[in-house]
Amino acid sequence: MSPIFKNLSNAIRFLSIDAVQKANSGHPGLPMGMADVATVLFKYYLRFNPKNPSWINRDRFILSAGHGSMLLYSLLYLTGYKSISIKDIQNFRKLNSICAGHPEYEKNTGIETTTGPLGQGLANAVGMAIAEEVMKKKFGKSLINHKTYVIAGDGDFMEGISHEAMSLAGHLKLNNLIVFFDNNKISIDGPTSLTISDNYKKRFESYGWSFQEVNGHNEKEISKAIKKSLKSKKPTLISCKTVIGYGSPNKAGKSSAHGAALGETEVGLVRKKLKWNHKPFEIPKVILNEWREIGEKGKLHEKKWSITYNKKSKKIKSEIARILNDKLPKNFEKIIYEQKKKFFNLKTEVASRQSSAYVLEGISNSLPELIGGSADLSGSNNTNTKNSIIIKPSNFAGNYIHYGVREHAMAGIMNGMALHKGVIPYGGTFLVFLDYCKPSLRLSALMGLKVIYIFSHDSIGLGEDGPTHQPIEHLAHLRAIPNLNVFRPADTIETLECWELALKNSNTPSVIALSRQKLPFITAELKQKNICSFGAYEVKKNNPNTEVTLIASGSEVKIAIAAFEKLQNLNINSKVVSMPCQELFNKQSKEYKEKIIDKNSVKISIEASSVHGWEKYVGPEGISLGMKSFGKSAPIKDLYEHFNLTSNNVVELAKKKLGK
Ligand SMILES: Cc1ncc(C[n+]2csc(CCOP(=O)(O)OP(=O)(O)O)c2C)c(N)n1
């Protein structure tokens, strides 16, 4: 190893251990162990431009092992990103510092994704690699030809999501994906031999990956492996044999180097051992300049790329600008309104999952950036349409991904696609299987990504498949997640409007919960305005003096309407409120909210789901009809009766409350 190289990687090591020491918390072991690999990658291979972190053709670098965040912050500072100053590094883990405990995605900063929950970064990287291939196919490989590099650790590969994501990446032959495995054989509880005896070579090769193994502290070996991976027709895993806490006389190779400050004395000993005679946070000018020159090379990369870009037609350039700036086509509103008119005239009564398919059929040809998919439930989620073209191994000229039964990877991959930019991902499964992808969905919300989850079979209304398949607590669970819109439309028009809102929401992911069963058409009037954007609105009202307010969502709006009619026959004034999105309703003015939910009326909510959360709308004296237990396997009609989710029950409860 040349002295220059040693200095470069030691700069990462010391920034990392000094920051962790100052914060008195963090993870020094990984940055110390992977500094050499990262230095080879950044010095010789990674194409990036710190002056323009969003350059679309940059190589992506993902630190899946997010606990080693100081590795990333050090690299960004050293290579000259404006987003991270030495002060920020000194403020590692302090309130509002960009150098948060684990990397937190922020646009245009070099932090490409939020990592920390192990395995997520790997799935994100697969999504980025897919997005890259899709864009490459669309705009040509002279323009889009970057790579996605990942650093992942033992923990990432133990997580189930890594199996799902890497298996799909191997199947799709994503040769633009290169993963460095920090194979230090240590995790928190001790040596990994406590828990795992996988044969990694066989594991990754069986997925269809190329596998290489190198000494992760040998510049030449690392470099040779990367060079080889660039020619591979498959994704590559480079297993880097490293020493956790490299350079620490007493902690190297031990789990004690993993997740705590080394301590002043040990930090001093590392300085001695690695012959680093500089003060904390002091990077000698020659070393900093060397790193900055590495960063400066990016300007040339981008400049060269710009020449190619400028030669492209006006049409291609404006299309690229449109999708990168997350703009919908100019005629999008018109397309939606035309479809709305059609739906209104047809008044079709279908399951909302079918309505969703109609929406997709109407919009997907005008939205080439829309990339759909399903976790092996395409025919049930109705996520594929006649406009869907399947993405296949080595052939990315398509707009639909068969994710296989890999819900967790699907969600993590969709996050990666959204982060990459240039595509809008949507993907489907049954609502109950939210449980299988929730960690990634949470990160869609945390990162503020436009990811659209199509969750069909959204209640006991799915019938005979029974309680294993009937979601109960899921809507309440989703509604508890900040920055997530949970839509549950009641007819074709509402489904169209909810899709429109999901597509327009740039910084909030959406769940569209859809029924398996047929729903009536409830929209009374054709309106240009998107009524679902209010979150809730009046569907039926027969008298300004409302005695009973019935609030329902999705498939239960029908029960509310039936109850309204029965109450009308009994000379009781009620009204029906459809509430397709609680989150949007919560944002309305006090006046609007009070107009929709009359304070002085008896309030009854009806939703075939946990009643948790509905007290907010019905108040302490109100009634919430819903599911207080798991469901049952039976035909739908029997289930609604069994669980008392009927209009007759609503009428009886209303009468009782009114004393009539
Ligand atoms: C999903 C998830 N589970 C648990 C953790 C807590 N955790 C953080 S790092 C870690 C051990 C990871 O070991 P390894 O990948 O070998 O990292 P190294 O010790 O080499 O730094 C664990 C369990 C986490 N961050 N994410």
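Scope of this entry: the structure provided in the associated data block. (Residues numbered from 1 in each chain as written. Predicted model: local features only at pLDDT ≥ 70, side-chain atom pairs only at ≥ 80, totals over all residues. Heavy atoms only, no water.)

**Considering the overall build of the chain**
Now for step 1: Within the chain, the secondary structure is distributed over 25 helices and 18 strands.
Now for step 2: A compact globule built from 660 residues should have a C-alpha radius of gyration of about 26 Å, and the chain, at 28 Å, falls within 12% of that.
Now for step 3: Dimensions along the principal axes, computed over C-alpha positions, put the chain at roughly 90 × 55 × 45 Å.
Now for step 4: Burial statistics for the chain: of 660 residues in total, 62% are counted as buried.
Now for step 5: In the chain, of all internal contacts separated by at least 6 residues, the share reaching a separation of at least 24 is 78%.
Now for step 6: Only carbon and sulfur atoms are counted for the fraction: they give 51% of the accessible area of the chain, which is about 26000 Å².
Now for step 7: A gap of 7 Å separates the mean positions of the 91 positive and 60 negative side-chain charges of the chain. (Helix = DSSP H or I, 4+ residues; strand = E, 2+ residues; numbered from the N terminus. Rg over C-alpha atoms; globule rule 2.2 N^0.38 Å. Buried < 20%, exposed > 50% of the residue type's maximum accessible area, 1.4 Å probe, protein only. Contact = heavy atoms within 4.5 Å. Areas by Shrake-Rupley, 256 points an atom, 1.4 Å probe, with all protein chains shown as cover. Lys, Arg positive; Asp, Glu negative; His and termini not counted. Charge placed at Lys NZ, Arg CZ, Asp CG, Glu CD.)

**Structural notes on the environment of proline 3**
Now for step 1: One can find proline 3 in helix α1 (residues 3–23).
Now for step 2: Proline 3 gets classed as exposed once you look at its relative accessible area, which sits at 61%.
Now for step 3: Each C-alpha atom, one on proline 3 and one on glycine 119, is 35 Å from the other, the two residues being 116 residues apart in sequence.

**What about the pairing of strand β10 (residues 424–430)?**
Now for step 1: Burial analysis of β10 places seven of its seven residues in the buried class, which makes it a mostly covered element.
Now for step 2: With three bridges joining them, strand β8 (residues 370–374) and β10 adopt parallel strand pairing. Counterpart to leucine 370 in the pairing with β10 is isoleucine 424.
Now for step 3: In terms of strand pairing, β10 meets strand β11 (residues 452–456) through five bridges, oriented parallel. Counted as the bridge partner of glycine 427 is tyrosine 453 from β11. (Pairing = 2+ DSSP bridges.)

**Structural notes on the packing of helix α13 (residues 332–346) against helix α19 (residues 492–504)**
Now for step 1: Running from N to C, α13 and α19 cross one another at 165°; their axes reach a closest spacing of 9 Å. In terms of axis orientation, α13 runs roughly antiparallel to α19. Crossing handedness for the pair α13 and α19: right-handed. Judged by residue contacts, Phe332, Glu333, Ile336, Gln339, Lys340, Phe343 and Phe344 of α13 engage Thr492, Ile493, Leu496, Glu497, Glu500, Leu503 and Lys504 from α19. (Axes fitted to C-alpha atoms, helices over the stretch in contact; angles between N-to-C directions. Parallel < 35°, antiparallel > 145°, perpendicular 65-115°, else oblique. Left-handed = near helix turned anticlockwise from the far one by under 90°.)

**Focus on unusual backbone geometry**
Now for step 1: With a phi close to 55°, lysine 275 is a non-glycine residue in the positive phi region.
Now for step 2: A positive phi is found at serine 394, a non-glycine position, where the angle reads about 60°.
Now for step 3: Relative to the helices and strands, serine 394 is located in the loop between α15 (378–381) and β9 (400–402).

**Some details on the environment of tryptophan 499**
Now for step 1: Structurally, the position occupied by tryptophan 499 is in helix α19.
Now for step 2: Under the relative-accessibility criterion, tryptophan 499 is labelled buried at 0%.
Now for step 3: Taking C-alpha positions, tryptophan 499 is 41 Å from serine 229, a pair spaced 270 residues apart along the chain.
Now for step 4: Engagement of the side chain of tryptophan 499 in a polar contact is seen with the side chain of serine 356, the distance being 3.0 Å. (Polar contact = N/O pair within 3.5 Å; in protein donor to acceptor, adjacent residues only side chain to side chain.)

**Some points on the site of the ligand**
Now for step 1: As a matter of local geometry, the ligand sits amid 16 residues, with His67, Gly155, Asn184, Ile186 and His258 nearest to it.
Now for step 2: The side chain of aspartate 154 places a nitrogen or oxygen atom 3.0 Å from an oxygen atom of the ligand.
Now for step 3: Histidine 258 is positioned with one of its side-chain polar atoms (N or O) 2.6 Å from an oxygen atom of the ligand.
Now for step 4: For the ligand, whose accessible area on its own is 590 Å², the fraction buried by protein is 74%. (Near = heavy atom within 4 Å.)

**Side note on the pairing of β11**
Now for step 1: Counting buried positions over the five residues of β11 gives five, a clear majority of the element.
Now for step 2: Because side chains alternate across β11, one face comprises the buried residues Ile452, Ile454 and Ser456, and the other comprises Tyr453 and Phe455, equally buried.
Now for step 3: Handedness of the crossover joining β10 and β11 through helix α17 (residues 438–447): right-handed.
Now for step 4: Of the strand pairs in this sheet, β11 and strand β13 (residues 510–513) are connected by four bridges, and their pairing is parallel. Counted as the bridge partner of isoleucine 454 is isoleucine 512 from β13. (Right-handed = clockwise from strand over helix to strand, strands pointing away.)

**Things to note about the sheet that holds strand β6 (residues 210–215)**
Now for step 1: Strand order in the open sheet formed by five strands is β1-β2-β3-β7-β6, with parallel pairing between adjacent strands. Each edge of the sheet is formed by a strand with only one pairing partner; in this case those strands are β1 (60–63) and β6. Here the strands of the sheet are splayed against their neighbours by 20° on average, with no regard to which way each runs.
Now for step 2: In the sheet, strand β2 (residues 148–153) pairs with strand β3 (residues 177–183) via six bridges, with the strands oriented parallel. Opposite alanine 152, over in β3, you have phenylalanine 181 as the bridge partner.
Now for step 3: Taken strand by strand, helix α9 (residues 219–230) contacts β2, β3, β6 and β7 (236–241), and its axis lies near 165° from that of β6.

**Observations regarding the pattern of salt bridges**
Now for step 1: With the rule as written, the count across this model stands at 29 salt bridges.
Now for step 2: One salt bridge in this structure joins glutamate 205 and lysine 201, with 3.1 Å as the shortest N-O distance. A residue pair is termed a helical-turn pair when its members lie 3 or 4 positions apart in one helix, as glutamate 205 and lysine 201 do in helix α8 (residues 200–207) at four residues.
Now for step 3: A residue is classified by how much of its surface remains accessible, and glutamate 205, at 37% relative accessible area, is partly exposed. (Salt bridge = Lys/Arg side-chain N within 4 Å of Asp/Glu carboxyl O.)

**Brief notes about the side chain of histidine 474**
Now for step 1: In this structure, histidine 474 sits in helix α18 (residues 474–479).
Now for step 2: Looking at histidine 474, the relative accessible area reads 2%, which means it is buried.
Now for step 3: Within polar-contact distance, the side chain of histidine 474 engages the backbone oxygen of valine 432 at 3.3 Å.
Now for step 4: Not counting residues up to four positions away in its chain, the partners in contact with histidine 474 are Leu431, Val432, Leu434 and Asp435.

**Description of helix α2 (residues 29–45)**
Two residues of an α-helix separated by three or four positions point the same way, owing to the 3.6 residues in each turn.
Now for step 1: For α2, spanning 17 residues, the distance from its first C-alpha to its last is 24 Å, which sits close to the expected 24 Å at 1.5 Å a residue.
Now for step 2: The axis of α2 is deflected most strongly, by about 50°, at alanine 35. (Expected span 1.5 Å × (residues − 1). Bend = angle between axes of the 7 residues up to and from the residue.)

**A few points about the packing of aromatic side chains**
Now for step 1: Throughout the structure, instances matching the rule amount to 25 aromatic pairs.
Now for step 2: Measuring from centroid to centroid gives 5.3 Å for phenylalanine 42 and phenylalanine 48, while their planes differ by 65°, and the two rings are edge-to-face.
Now for step 3: Taking relative accessible area as the criterion, phenylalanine 42 reaches 3% and is therefore assigned buried.
Now for step 4: An angle of 65° between the planes, with centres 6.1 Å apart, marks the rings of tyrosine 73 and phenylalanine 92 as edge-to-face. Of the two residues, tyrosine 73 is situated in helix α3 (residues 69–79) and phenylalanine 92 in the loop between α4 (86–90) and α5 (120–139); the sequence distance between them amounts to 19 residues. An identical accessibility class is assigned to tyrosine 73 and phenylalanine 92; each is buried.
Now for step 5: Each residue in the set Phe157, Phe181, Tyr200, Phe204, Tyr207 and Phe211 is aromatic and connected to the rest through ring pairs, giving one cluster.
Now for step 6: Positioned over the ring face of tyrosine 77 is arginine 292, at 5.1 Å from the centre of the ring.
Now for step 7: A cation over a ring is seen here: lysine 317 above tyrosine 309, with NZ or CZ 6.0 Å from the ring centre. (Phe/Tyr/Trp six-rings, centres within 6.5 Å; stacked < 30°, edge-to-face > 60°. Lys NZ or Arg CZ within 6 Å of the ring centre and 35° of its normal.)

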